[in-house]
Amino acid sequence: MRACQPAVDGYVERDGVKVFYEVFGQGESTVLLLPTWSIIHSRVWKLQVPHLARHYRVLTLDGRGNGRSDRPARVDAYRPEEFVADALAVLDAAGADQAVVAGPSRGAVTAALLAALHPDRILGVVFVSPTVPLAPPLPGRRHSFTDPLHTTEGWAKFNQHYWRAHYPEFARFFFEQVFTEPHSTKPIEDTVGWALETDPDTLILIETATVASELRRGDTFRTLCQQIACPTVVIVGAEDAVTATAQGQALAEVTGGSLVTVEGGGHAPHVRDPVLVNRLLRQFIDGLHSRPQPRTWTRALRRPPKALYISSPIGLGHARRDLAIVHQLRAQHPELQVDWLAQDPVTRVLDGAGEQVHPASRHLANESAHIESESAEHDLHCFQAWRRMDEILVANYMVVDDLLDQEHYDLVIGDEAWEVDHYLHENPEHKRTAYAWLTDFVGWLPMPDGGQREAELTADYNAEMLEHIARYPRLRDRAIFVGNPDDIVLDTFGPDLPSIREWTKAHYDFSGYITGFDPAALADRQELRRRLGYHPDQQVLVVTVGGTGVGAPLLGKILEAFPLAKRAVSGLRMVVVTGPRIDPASLPAAHQQGLELRAFVPDLYRHLAASDLAIIQGGLTTAMELTANGRPFLYFPLAHHFEQTFHVPHRLARYRAGQRMDYTSTDPDAIAAAIASQVGRDVHYRPVERDGAHRAAALLAELL
């Protein structure tokens, strides 16, 4: 799912060739993000578009030959001048008289032509890893493109004969050279996939046109660049394995532009170091339109204590425990102001509690919707869904980054705010204040049917996290595990990586579990049931599947089981909480006697405590609420959800809580039988601690 949708999209057509473009945002300034050569398309800018579109109007286009643009079958259609004309046509179609232009790799030639030949349209240029003929290419790249070669090793693959015979292998090789940085599995996958959206014959035409262009001559291109009068900045990676960094250095010199070198960086810093590039783009663009803005600065001792609390929207469980922690924090610091950065459905809980949701929350890209878009029938490959959420994560980190630039906080608390934790470790200089991290699981784990590839990917992601913490232990002023050491699985992070439990014990404090309520206050079940409207002669079954729409198939199967269960259980009353993202009207059998559907229940934990049985998905929060209240429950972990498959069952087994069931192999008859056998059953769980929120708050209070 995309983090930002275009306000406008369409085609410009020139000489019978249609070129696709998109327009994002509505700012006064216009930014044109050019394509590189057409081995990939405009999605290469996906980590920049959402952030820039909050401040400017952003234009992207698919270069002819890839994406949704045409693939003309003639060499002259791919001359550099044609790409320039396409860019101008997009500016005209969008009604943009002027723009700041960014050109990556070969797109630098297009950007240079635009700036030199159309100075009235271009306000400034950002060149990213420019591939330009101002310095010799890398030594290994001096192979013939047109002649058959006696080797296919290394850059000999950059050859038309190899492309025709082994194009997918070339794409894999090429993008492994683009991304020389460790832990680059996701961008390599993305770009190889985009490369396969075109074909070798089209790329051969493009390369033929490029080689034939007069602009390949260094003296010609240098003369062109000397005509560029607008401001420029050049970003290069010091370990670029595709283009010699000397080319970018020479371009900065000849255009009089500033040079930014990314030490350890490869050929695509806008992909591998998006936060850096996003900030550089903002600084450059704003510098072209510098209008002093009024500012207010408050002296340090006049600032009231403030905390920014970032609560994950994936499920509603974080909201209740976070509220409990804040309640305890305020008991220790009554003057503390807490701003919440959160999304629906968490904001519904916060609004109901009278909390202050920061206005910047409206800029957050929807993580819950992405998770739903990745789900199938009771199946959510959580790890892969998270990997495919990369542009959302970058977009949301940039919201936090902007906010912390504008406002002062004494403490930032991230409850599974994965984007904040990851990109803060990638950009440690951006730490501005005390930072605390909370989570109830540690370690990505592979699903067995993912095979060796998934095992390697999860280990790579774990290894990157371990390296972050080892290199920058100071970034997390406090890391709190919501639970106890024995709640942590016994697996390792991967081959040759440490034990998850032992590593976590060395790097985290432990709060014990946080229910968000006091089970003792719900101990009088008869009175609780009376207040909630449940009659003494009823057997109350509460069904809930969390705050996303992923649980709809499970709800459907349970609804089918209800009439069967009613015949076996006298006085059965089933309350189905669909959650804020499932329309009750979309579910079948909604009008059976003894069945009621509710879209959202703010104090669901009370209903769970009053129930005779609950049926839930495999999420930790609801399971532990039921465990704390000593209620029997059935739980159905989502298929391919590593947390619900491994981490949660491990913890529930330790508490001797719940009956695990498999969605695929369980039909309505089996669900009805399980209801009949479990409803009202006496349980003997391990006690759940009641002071978790107090312990977590005490750890956080030390940072204030």
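A brief structural summary. Quick caveat, the model's predicted, so the values are computed rather than measured. (Residues numbered from 1 in each chain as written. Predicted model: local features only at pLDDT ≥ 70, side-chain atom pairs only at ≥ 80, totals over all residues. Heavy atoms only, no water.)

### Quick word on the side chain of Arg272
By the element assignment, Arg272 lies in helix α9 (residues 269-272). Within polar-contact distance, the side chain of Arg272 engages the backbone oxygen of Pro182 at 2.8 Å. (Helix = DSSP H or I, 4+ residues; strand = E, 2+ residues; numbered from the N terminus. Polar contact = N/O pair within 3.5 Å; in protein donor to acceptor, adjacent residues only side chain to side chain.)

### Re the pattern of salt bridges
Pairing is possible between side chains that carry opposite charge, provided their charged atoms lie close to one another. Tallied over the entire structure, the rule returns 53 salt bridges. The partner of Glu22 in a salt bridge is Arg2, with the nearest N and O atoms 3.0 Å apart. Remark: Arg2 occurs in the segment before β1 (8-14) and Glu22 occurs in strand β2 (residues 17-24); sequence separation between them is 20 residues. Arg2 carries the same exposure label as Glu22, and that label is buried. A salt bridge links Asp76 to Arg74; its shortest N-O distance comes to 3.0 Å. On the basis of relative accessibility, which here comes to 36%, the residue Arg74 falls in the partly exposed class. Salt bridges linked by common partners bring Arg14, Arg64, Arg79, Glu81, Glu82 and Asp86 together as one network. (Salt bridge = Lys/Arg side-chain N within 4 Å of Asp/Glu carboxyl O. Buried < 20%, exposed > 50% of the residue type's maximum accessible area, 1.4 Å probe, protein only.)

### Thoughts on the nonpolar core
Tyr309, Ile325, Phe633, Leu652 and Leu700 are the most contacted members of the largest nonpolar core, which totals 60 residues. When near neighbours in sequence (up to four residues on either side) are disregarded, Ile325 contacts Tyr309, Leu438, Ile514, Ala693, Ala696, Ala697 and Leu700. In terms of nonpolar packing, the next biggest core, distinct from the first, is built from 54 residues, Trp155, Ala171, Leu203 and Val277 among them. (Core = buried A, V, L, I, M, F, W, Y, C linked by side-chain atoms within 4.5 Å. Contact = heavy atoms within 4.5 Å.)

### Some remarks on empty space enclosed by the protein
Within the structure shown, the criterion is met by nine cavities of 30 Å³ or more. In this structure, the second largest cavity encloses a volume near 650 Å³. What lines the second largest cavity is a set of 38 residues, and nearest its centre among them are Trp386, His422, Tyr423, Tyr461 and Glu464. Breaking the lining of the second largest cavity down by element, the ones donating at least two residues are α5 (185-195), α9, α14 (382-387), α15 (390-406), α16 (418-426), β13 (434-439) and α17 (451-471). Split by residue class, the lining of the second largest cavity holds 17 nonpolar, nine polar and twelve charged. (1 Å grid on protein atoms, 1.4 Å probe; cavity = no way out; pocket = protein on both sides within 12 Å on 5 of 7 lines; lining within 4 Å. Points joined across faces, edges and corners; volume = space filled by probe spheres on them. Nonpolar A, V, L, I, M, F, W, Y, C, P; charged D, E, K, R; others polar.)

### Things to note about the packing of aromatic side chains
In this structure the tally under the stated criterion is 33 aromatic pairs. Seen from their ring centres, Tyr11 and Phe20 are 5.3 Å apart, and the 65° between their planes marks the pair as edge-to-face. Given the relative accessible area of 4%, Phe20 is considered buried. Judged by centre distance (5.0 Å) and plane angle (70°), the ring pair of Phe145 and Trp163 falls under edge-to-face. One end of the pair, Phe145, is in the loop between β6 (122-128) and α4 (160-178); the other, Trp163, is in helix α4, and 18 residues separate them in sequence. Judged by relative accessible area, which is 0%, Trp163 ranks as buried. Linked through ring pairs, Trp37, Phe145, Trp155, Phe158, Trp163, Phe170, Phe173, Phe174 and Phe175 together constitute an aromatic cluster. Cation over ring: Arg471 sits above Tyr472, and NZ or CZ is 4.4 Å from the ring centre. (Phe/Tyr/Trp six-rings, centres within 6.5 Å; stacked < 30°, edge-to-face > 60°. Lys NZ or Arg CZ within 6 Å of the ring centre and 35° of its normal.)

### Notes on the sheet that holds strand β8 (residues 258-262)
Pairing in this open sheet of eight strands is mixed, and the strands run β1-β2-β4-β3-β5-β6-β7-β8 from one edge to the other. In the strand order of this sheet, the two ends are held by β1 and β8, each with one partner. If you compare each strand with its neighbour and ignore which way they point, the axes differ by 20° on average. Where β2 meets strand β4 (residues 57-61), four bridges bridge the pair, whose relative direction is antiparallel. Pairing of Glu22 across the sheet is with Thr60, part of β4. Most of the contacts of helix α2 (residues 80-93) go to β1, to which it runs at about 135°, and overall it touches β1, β2, β3 (30-33), β4 and β5 (99-104). On top of the sheet, helix α8 (residues 245-255) reaches β6, β7 (232-237) and β8; it is set at about 165° to β7, its chief contact. (Pairing = 2+ DSSP bridges. Axes fitted to C-alpha atoms, helices over the stretch in contact; angles between N-to-C directions.)

### Focus on the pairing of β4
The element β4 is extensively covered by neighbouring structure, given that five of its five residues are classed as buried. By the alternation rule, side chains of β4 split into Arg57, Leu59 and Leu61 and Val58 and Thr60, which are all buried. Pairing of β3 with β4 involves four bridges; the strand directions are parallel. Considered in β4, the bridge of Leu32 is made with Leu59.

### So, the layout of surface pockets
Within this model, the largest pocket holds a volume of roughly 1100 Å³. Around the largest pocket sit 32 residues that line it, and Asp402, Leu403, Asp405, Gln406 and Glu407 are the ones nearest its centre. Elements that contribute at least two residues to the lining of the largest pocket include exactly α10 (274-288) and α15. Sorting elements by how many residues they give to the lining of the largest pocket places α15 first, with eight residues.

### Side note on the pairing of β13
Within a regular strand, side chains alternate between the sheet's two faces. Burial runs high along β13: six of the six residues are buried. Every second residue of β13 is oriented toward a common face, with Ala434, Ala436 and Leu438 on one face and Tyr435, Trp437 and Thr439 on the other, all of them buried. Sheet topology places strand β12 (residues 411-415) next to β13; five bridges connect them, and they run parallel. For Val412, the partnering residue across the bridge sits in β13 and is Tyr435. Taken together, β12, α16 and β13 form a β-α-β motif whose crossover is right-handed. Here four bridges tie β13 to strand β14 (residues 478-481), and the two strands are oriented parallel to one another. Bridging from a neighbouring strand, Thr439 pairs with Phe481 of β14. Assessed by its sense of winding, the connection that carries the chain from β13 through α17 to β14 is right-handed. (Right-handed = clockwise from strand over helix to strand, strands pointing away.)

### Here we look at the side chain of Thr60
Tracing the backbone through its elements, the reader meets Thr60 in strand β4. Judged by its relative accessible area of 2%, Thr60 falls in the buried class. Excluding residues within four positions of it along the chain, Thr60 makes contact with Phe20, Tyr21, Glu22, Phe24, Leu33, Ser42 and Val49.

### Quick word on the sheet that holds strand β20 (residues 633-636)
In spatial order, the strands read β18-β17-β16-β19-β20-β21; together these six strands make up an open sheet with parallel pairing. One side of each edge strand has no neighbouring strand; the edge strands of this open sheet are β18 (595-598) and β21 (659-660). Strand direction decides the pairing type here: strand β19 (residues 613-617) and β20, joined by four bridges, are parallel. Residue pairing in the sheet places Ile615 in a bridge with Leu634 of β20. Sitting on the sheet, helix α20 (residues 552-568) is in contact with β16 (539-544), β17 (572-577), β18, β19 and β20, with an inclination near 170° to β17.

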